[in-house]
Amino acid sequence: MGFFGAIWEGIKSVGSFIVEGVKEFIPKVGPFLSGVAEKIGVVFDKLKVGIEKAATILGNIITNFVSPILNVFGIKTPDNPDELGMKAEASDKSLDDFDGDTEAYIKYLQEEIKIDKERLNNLTLEEQVRYRTVSLGIEAKAAGDKLGVELPAEGIPVLQKISEGTNIVFTGEQLVSIIKNLKESNTDLTDVIKYLESSTSVDAIKVNDALEKALSNASVDNVGKTIIEMTKAQNDKI
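Remember, it's a predicted structure, so these values are computed and weren't measured experimentally.

(A) Main features of the overall build of the protein chain. Across its full length, the protein chain carries 14 helices and 0 strands. For the protein chain, the C-alpha radius of gyration of 18 Å lies close to 18 Å, the compact-globule estimate for 238 residues. With respect to the principal axes defined by its C-alpha atoms, the protein chain has extents near 50 × 35 × 30 Å. A buried classification covers 52% of the 238 residues belonging to the protein chain. Sequence-distant contacts in the protein chain: of pairs separated by 6 or more residues, those separated by 24 or more amount to 73%. When the 27 basic and 38 acidic side-chain charges of the protein chain are each reduced to a single mean position, those positions are 2 Å apart.

Below you can see the structure in the form of structure tokens.
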């Protein structure tokens with residue numbers, strides 16, 4: 001058992017493990033990573049997922065949602081969701097060295113930092129959760145900077161449920177279009193999440209109209225059916 005496996009054995013909480021696991025990355029990646037880890041940890045503990053499921057969810061969100069958004073903006077990301085986190089660990093430079101420019105930081109990690117590919121392909125589950133949390137934090141910040149919005153941690157289970165529980169597949173271009181159109185309608189992603197959960201804390205008519213418009217403008221087929229499927233998926237257990 002590796003060092004982080006030992007931490008996991010001692011903690012027995014995915015949320016606490018994630019927060020502990022990224023602490024050494026904060027000086028390199030930035031203090032925002034602490035908030036990302038805490039929010040992700042709260043979500044996973046609320047869902048009562050284990051370490052294996054957490055690794056799967058993080059990998060799926062990076063590969064199927066966040067990376068495609070960045071690719072639309074010409075930001076090349078690794079195929080392996082662990083890679084960016086591993087490279088951040090191996091790097092001598094921090095995000096501060098790039099004046100907070102996450103795009104430049106990602107490019108540097110991609111092009112300049114070499115890692116052990118054999119180790120990359122044989123990580124433990126604990127290592128995967130750790131590196132994927134860092135990768136997601138970096139990529140989500142870069143995507144948020146480009147889109148002018150914050151990608152909420154609460155969206156992690158929503159996206160996971162959509163990907164697992166429906167046949168809905170959004171391209172990177174569609175995701176960018178949807179987020180931009182929601183922003184133009186003064187509707188943020190947290191509002192959409194609450195709407196899909198049938199929360200009474202949002203104006204359901206306003207959010208539904210904004211979501212319908214966003215999906216339609218993104219050339220999503222069968223908008224009404226898509227919203228129904230998203231709602232059903234959101235209310236199913238993960």
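(B) Spotlight on unusual backbone geometry. Although it is not a glycine, Asp99 sits at a positive phi angle of roughly 55°. One can find Asp99 in the loop between α6 (83-90) and α7 (102-112). Of the residues examined, Asp99 reaches a relative accessible area of 76% and is grouped as exposed. Notably, Asn222 is not glycine yet its phi reads approximately 50°, a positive angle.

(C) The arrangement of the packing of aromatic side chains in detail. Taken as a whole and assessed by the stated rule, the structure comprises 3 aromatic pairs. Aromatic side chains Phe98 and Tyr105 sit 5.9 Å apart centroid to centroid with 55° between the ring planes, which places their arrangement in the tilted category. Per residue, the accessibility class of Phe98 equals that of Tyr105, and both read buried. Site record: aromatic cluster; members linked through ring pairs are Phe98, Tyr105 and Tyr108. Here the basic side chain of Lys141 rests over the ring of Phe32, its NZ or CZ set 5.7 Å away from the ring centre.

(D) Spotlight on the side chain of Ser135. Locating Ser135 in the fold gives a position in helix α9 (residues 125-147). For Ser135, the side chain forms a polar contact with the main-chain nitrogen of Gly85, separated by 2.9 Å. Beyond its immediate sequence surroundings of up to four residues, Ser135 is in contact with Ile62, Pro81, Asp82, Glu83, Leu84 and Gly85.

(E) Main features of the pattern of salt bridges. Per the stated rule, a full pass over the model turns up 11 salt bridges. For Glu150, the salt bridge is made with Lys39, and the minimal N-O distance between the two is 3.2 Å. Taken together, the residues span a long stretch of sequence, with Glu150 in the loop between α9 and α10 (155-165) and Lys39 in helix α4 (residues 32-47) at a distance of 111 residues. Accessibility expressed as a relative area gives 59% for Glu150, which makes it exposed. Residue Lys39 is classed as partly exposed on the basis of its relative accessible area, which comes to 42%. For the salt bridge of Glu89 with Arg130, the shortest nitrogen-to-oxygen distance reads 2.9 Å. Remark: Arg130 occurs in helix α9 and Glu89 occurs in helix α6; sequence separation between them is 41 residues.

(F) Focus on the packing of α10 against helix α14 (residues 223-234). Two elements in contact, α10 and α14, have axes separated by 8 Å at closest approach and are oriented at 115°. What the angle tells us is that α10 and α14 run roughly perpendicular. The two elements α10 and α14 meet at a crossing, and its hand is right-handed. Residues Pro157, Val158, Lys161 and Ile162 of α10 pack against Met230, Ala233 and Gln234 of α14.

So, how was this worked out
Residues numbered from 1 in each chain as written. Predicted model: local features only at pLDDT ≥ 70, side-chain atom pairs only at ≥ 80, totals over all residues. Heavy atoms only, no water. Helix = DSSP H or I, 4+ residues; strand = E, 2+ residues; numbered from the N terminus. Rg over C-alpha atoms; globule rule 2.2 N^0.38 Å. Buried < 20%, exposed > 50% of the residue type's maximum accessible area, 1.4 Å probe, protein only. Contact = heavy atoms within 4.5 Å. Lys, Arg positive; Asp, Glu negative; His and termini not counted. Charge placed at Lys NZ, Arg CZ, Asp CG, Glu CD. Phe/Tyr/Trp six-rings, centres within 6.5 Å; stacked < 30°, edge-to-face > 60°. Lys NZ or Arg CZ within 6 Å of the ring centre and 35° of its normal. Polar contact = N/O pair within 3.5 Å; in protein donor to acceptor, adjacent residues only side chain to side chain. Salt bridge = Lys/Arg side-chain N within 4 Å of Asp/Glu carboxyl O. Axes fitted to C-alpha atoms, helices over the stretch in contact; angles between N-to-C directions. Parallel < 35°, antiparallel > 145°, perpendicular 65-115°, else oblique. Left-handed = near helix turned anticlockwise from the far one by under 90°.

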